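Fold and geometry: a report
Chain by chain, the residues run as shown.
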Amino acid sequence: MSSFKISNSLLGDRAKVFIIAEIGINHGGSLNKCLEMIKLAAKSGANAVKIQTVDPEESYLNTTKSFIEFKSKNFSDNQIKKIIKLSKKLKIIFFSTPGDYTSLQRLINLKVPVIKVSSGLSNNYPLIREIILKKIPLIISTGLSEKKDLIELKNYLNKFRFKKISILKCTSKYPLPIDEIDMNNIKHFKKIFNFPIGYSDHSISLLTPAIAVSKGAKIIEKHFTLNSKLKGADHKISLEPNQFKKMVENIRETEKILGSSKLKL
C-alpha cells in the first residue's frame with residue numbers, strides 16, 4: 001500500500017475505519033514474538049500494527065519504572081527492516097511512536113510511512129514540527145490534554161498547511177473504567193479540530209471502539225497481546241487475537257448499520 005493511499009485512509013475519506021493493533025512493547029524485546037504478533041494482528045483484521053520506539057537512556061531517568069519497563073525493548077534498525085518486510089508481505093501497515101527525538105530520526109531514516117505522537121508528547125512541538133516538515137502522515141493522541149491544551153495544539157497545527165494529520169481522543173488511565181470514557185465528548189474534538197478524529201482505547205471492552213465509530217471516529221487504536229496475563233504494563237489492557245478479531249467484526253458491523261445518511265424508501 002502506497003503512502004498516498006495510507007494518507008487517504010488516515011484523512012478519513014469514504015474508506016472504512018482504520019484499525020490499529022497497538023503492539024507497543026508487548027513483544028518484550030523479542031523480534032520473533034513481534035513478527036508472530038504482526039501475523040496474528042493481520043489475521044484478526046487490523047489495517048495497521050504499531051510499536052513504540054524509545055531510547056530509554058534518553059527518555060527516562062534510570063531510577064524510574066518507565067526506564068525499567070522500556071529497557072531492552074528497543075529494536076535495531078535491521079530488526080525494524082525485517083518487521084517492515086513482513087508487514088509489506090502481509091499487506092498490513094507498520095508504523096511506530098517515537099519516544100524521543102533520536103528515535104524519531106531513526107524512524108524517518110527507515111521511511112516509516114506514518115508517525116504516531118503519544119499523549120505524553122502531544123505538546124512537544126519541536127518533535128511535531130519535525131514530522132510535519134518531513135511531510136509524514138501524523139496521528140496525535142490527547143490523553144493528557146485539557147480543553148485549553150487541545151486548542152493550543154489546534155492553533156499550532158494550523159500554522160502549517162499540512163493536512164495529513166489525525167487526532168485521537170484518549171484517556172490515559174490503565175485500564176480505563178467504562179464510566180469514565182465519556183464518548184459523547186468526541187463531538188468537542190470534531191468542533192475544535194479540522195482533522196479526522198479517532199479513538200485510542202484503554203478500556204478492556206470489545207464494544208467501546210464500535211461506539212466510538214458510531215460517534216464519528218475514523219481511526220481506532222487498541223492494544224494487542226498474545227496473552228493478557230503476561231507481565232508488563234500494557235498486557236492487562238490489551239486484547240488477545242480472538243478478542244481483537246471480535247472487536248474488528250463489531251466495528252465492521254457498526255459501519256454497515258450506520259450506512260448512508262440519505263433519506264430514502
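As shown above, the structure is provided for reference.
Summary of the structure given here.

Calculation criteria
- Sequence order sets the numbering: in each chain, residues are counted from 1 along the sequence as written.
- In keeping with the predicted nature of the model, local features appear solely for residues at pLDDT of at least 70, side-chain atom pairs appear and are counted solely at 80 or more, and the whole-chain, interface and lining totals rest on all residues.
- To get the side-chain values, all heavy atoms of the structure are used, and hydrogens and water are removed first.
- Note on conventions: DSSP H or I runs of at least 4 residues are helices, E runs of at least 2 residues are strands, and numbering of each starts at the N terminus.
- The quantity called the radius of gyration is restricted to C-alpha atoms. Its globule counterpart is 2.2 Å times the number of residues to the power 0.38.
- Buried residues are those whose accessible area, probed at 1.4 Å on protein chains only, stays under 20% of the maximum for their type, while exposed residues exceed 50% and partly exposed ones sit between those limits.
- Any two residues having at least one pair of non-hydrogen atoms within 4.5 Å are treated as being in contact.
- For accessible areas, the Shrake-Rupley method is used with a probe of radius 1.4 Å. Any residue's cover is judged against the shown protein chains and nothing else.
- Positive charges come from Lys and Arg alone, negative charges from Asp and Glu alone, with His and the N- and C-terminal ends not counted.
- Where a charge lies is defined by one atom per residue type: Lys uses NZ, Arg uses CZ, Asp uses CG and Glu uses CD.
- In plain words, nonpolar cores are sets of buried Ala, Val, Leu, Ile, Met, Phe, Trp, Tyr and Cys residues tied together by side-chain atoms within 4.5 Å.
- Only the six-membered ring of Trp is used, alongside the rings of Phe and Tyr, when aromatic pairs are assigned; centres must lie within 6.5 Å, and planes under 30 degrees apart are stacked while those over 60 apart are edge-to-face, with the rest tilted.
- A pair of strands is labelled paired if DSSP reports no fewer than 2 bridges between them.
- When the strands point away from the viewer, a crossover counts as right-handed if the path from the first strand over the helix to the second runs clockwise.
- With a 1 Å grid laid over protein atoms only, a set of points is called a cavity when a 1.4 Å probe fits there but cannot get out and a pocket when it is open yet has protein on both sides within 12 Å along at least five of seven lines; lining residues have an atom within 4 Å of a point.
- Grid points are joined across faces, edges and corners, and a volume is the space filled by probe spheres set on the points.
- Any residue outside Ala, Val, Leu, Ile, Met, Phe, Trp, Tyr, Cys, Pro, Asp, Glu, Lys and Arg is labelled polar, Gly included; the first ten of those are nonpolar and the last four are charged.
- To obtain the arc, one takes the directions from the helix axis to the C-beta atoms.

In terms of regular secondary structure, the protein chain is built from eleven helices and eight strands. In terms of C-alpha radius of gyration, the protein chain reaches 17 Å, essentially the compact-globule figure of 18 Å for 265 residues. Each of the three principal axes of the protein chain carries a C-alpha extent, and together these read 60 × 45 × 40 Å. Put simply, the protein chain has 265 residues, and 50% of those count as buried. A sequence separation of at least 24 residues applies to 67% of the contacts in the protein chain between residues at least 6 apart. Summed over all atoms, the accessible surface of the protein chain reaches about 13,900 Å², with 52% contributed by carbon and sulfur. Positive and negative side-chain charges in the protein chain, numbering 46 and 23 respectively, have mean positions lying 8 Å apart.

Moving on, we get to the nonpolar core. Soluble globular proteins: nonpolar side chains tend toward being buried together. By size, the foremost hydrophobic cluster in this structure holds 73 residues, and its most contacted members are Ile128, Leu157, Ile167, Phe193 and Phe244. When residues in this core are grouped by element, the largest group, six residues, is from helix α2 (residues 31–43). Apart from residues lying up to four places away in sequence, Phe193 is in contact with Leu150, Leu153, Lys154 and Ile167.

What follows is about the packing of aromatic side chains. A complete count under the given rule lists three aromatic pairs for this structure. Measuring from centroid to centroid gives 4.3 Å for Tyr125 and Tyr156, while their planes differ by 20°, and the two rings are stacked. Taken together, the residues span a long stretch of sequence, with Tyr125 in helix α7 (residues 125–133) and Tyr156 in helix α8 (residues 147–157) at a distance of 31 residues. Accessibility classification places Tyr125 together with Tyr156 in one group, the buried group. When the centroid spacing of 5.4 Å and the interplanar angle of 65° are considered together, the rings of Tyr156 and Phe160 count as edge-to-face. Following the ring pairs from residue to residue traces out a cluster consisting of Tyr125, Tyr156 and Phe160.

As a further point, take the pairing of strand β5 (residues 138–141). Alternating positions in β5 separate into two faces, Leu138 and Ile140 on one and Ile139 and Ser141 on the other, with burial throughout. In this sheet, β5 lies alongside strand β4 (residues 115–117) in parallel orientation, the contact comprising three bridges. Within β5, the position partnered with Val117 by the bridge is Ile140. The sheet contact formed by β5 and strand β6 (residues 165–170) spans four bridges and is parallel. Across the sheet, residue Leu138 finds its bridge partner in β6, namely Ile165. For the crossover that starts at β5, traverses α8 and ends in the parallel β6, the hand is right-handed.

Roughly 780 Å³ of internal volume is contained in the largest pocket. Lining of the largest pocket is provided by 31 residues; of these, Gln52, Tyr60, Phe70, Ser118 and Tyr174 occupy positions nearest its centre. Sorting the residues of the lining of the largest pocket by element identifies β2 (48–53), α4 (65–70), β3 (93–98) and β8 (219–223) as the ones contributing at least two each. Considering each element in turn, the lining of the largest pocket owes the most residues, five residues, to α4. Partitioning the lining of the largest pocket into residue classes produces eleven nonpolar, 13 polar and seven charged.

Moving on: α8. Three or more residues of α8 are buried, namely Leu150, Leu153, Tyr156 and Leu157. Take α8 and look down its axis: the buried residues cluster within an arc of 125°, on one side only. Turned more than 90 degrees from where α8 packs its buried face, Lys147 and Lys148 sit exposed. Against α7, β5, β6 and α9 (186–192) lie the buried residues of α8.

So, on to the pairing of strand β7 (residues 197–201). The side chains of a regular strand alternate between both faces of the sheet. Taking burial as the measure, the five residues of β7 include five buried ones, the bulk of the element. Where burial is concerned, the two faces of β7 agree: the one with Ile197, Tyr199 and Asp201 and the one with Gly198 and Ser200 are both buried. A crossover connection joins β6 to the parallel β7 through α9; in handedness this β-α-β unit is right-handed. Summarising the sheet, β7 and β8 pair through three bridges and their orientation is parallel. Note that in β8 the partner of Ser200 across the bridge is Glu221. In this region the chain leaves β7, passes through helix α10 (residues 208–214) and returns to the parallel neighbour β8; the handedness of that crossover is right-handed.

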